Amino acid sequence: MATVIAKLGDDISTDVIYPGRYMATVLPTETPQFAFADHAELNGKLKAKQVPPGSVIAAGKNFGCGSSREQACSCLKGYELTIVARGFARIFLQNSINLGLNLVTAPDFEASEGDELELAADRVVNKTTGKAYAVVPLPKARQAIIDAGGLIAYTRKRVMAAADKA
């Protein structure tokens, strides 16, 4: 069971997720502190570790639009959040896959802050409202990258498996 820690609307840009003024900080170990820096309440919860890993940010369409900064993904990955949205911006989606950020696309999804969700491969069930929403699955190759923890971990795993066969 996962809890929705924030409900966001449509067109949440990477500048909202990770403000541009922090672009000098690029290390994945340092970027999380600036997640939603201009939203004091959410940023404070995250920094105070009041949010358990696997918690959900609920969003509308086009989450992660704007710039191609991958820090917007790494800052969320640093808290091991899951983003459930009606849709994702293309570059944000690919950056998230590369970094191993868990994403769920559910075009009709509705939830409020505090709702309890059950996440499955084919649906999201809002246990608070009793409603279920169909999920648009990622292609298997992309999901395998996320499951491995990101592109570097995925590649390392494949290289090691090939070396063991040689």
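Below or above, wherever it landed, is the structure these notes cover. Here the structure is a predicted model, which means the values were calculated and not measured.

**A short note on the pairing of strand β6 (residues 123-126)**
The two faces of the sheet receive side chains in turn, since in a regular strand these alternate between them.
Here is step 1 of the chain: Bridge count for strand β5 (residues 116-119) against β6 is three bridges, and the pairing is antiparallel. In the sheet register, E118 faces β6, and the bridge partner there is V125.
Here is step 2 of the chain: Remark: three residues form the turn of the hairpin made by β5 and β6, two consecutive strands paired antiparallel.
Here is step 3 of the chain: Relative to strand β7 (residues 131-134), β6 runs antiparallel, the two sharing four bridges. Following the sheet pairing, R123 is matched in β7 by A134.
Here is step 4 of the chain: Taken together, β6 and the strand that follows it, β7, pair antiparallel across an intervening segment of four residues, in which G130 is found at a positive phi of about 80°.

**Description of the sheet that holds β6**
Here is step 1 of the chain: The sheet built from seven strands is open, its strands ordered β4-β3-β2-β1-β5-β6-β7 with mixed pairing. The open sheet terminates on both sides in strands that have one partner only, identified here as β4 (102-105) and β7. Strand after strand, the sheet turns through a mean of 30° between neighbouring axes, direction not considered.
Here is step 2 of the chain: Bridge count for strand β1 (residues 2-7) against β5 is two bridges, and the pairing is antiparallel. From the neighbouring strand, A2 faces β5, where its bridge partner is L117.

**Some remarks on the packing of helix α5 (residues 140-148) against helix α6 (residues 151-165)**
Two measures define how a pair of helices packs: the angle their axes make with one another and the distance between the axes.
Here is step 1 of the chain: Running from N to C, α5 and α6 cross one another at 95°; their axes reach a closest spacing of 7 Å. Accordingly, the angle class assigned to the pair α5 and α6 is roughly perpendicular. Contacts between α5 and α6 involve A144, I145 and A148 on the former and, on the latter, L151, A153 and Y154.
Here is step 2 of the chain: Within the contact of α5 with α6, the residues separate by chemical class into six nonpolar, no polar and no charged.

Calculation criteria
Residues numbered from 1 in each chain as written. Predicted model: local features only at pLDDT ≥ 70, side-chain atom pairs only at ≥ 80, totals over all residues. Heavy atoms only, no water. Pairing = 2+ DSSP bridges. Helix = DSSP H or I, 4+ residues; strand = E, 2+ residues; numbered from the N terminus. Axes fitted to C-alpha atoms, helices over the stretch in contact; angles between N-to-C directions. Parallel < 35°, antiparallel > 145°, perpendicular 65-115°, else oblique. Contact = heavy atoms within 4.5 Å. Nonpolar A, V, L, I, M, F, W, Y, C, P; charged D, E, K, R; others polar.

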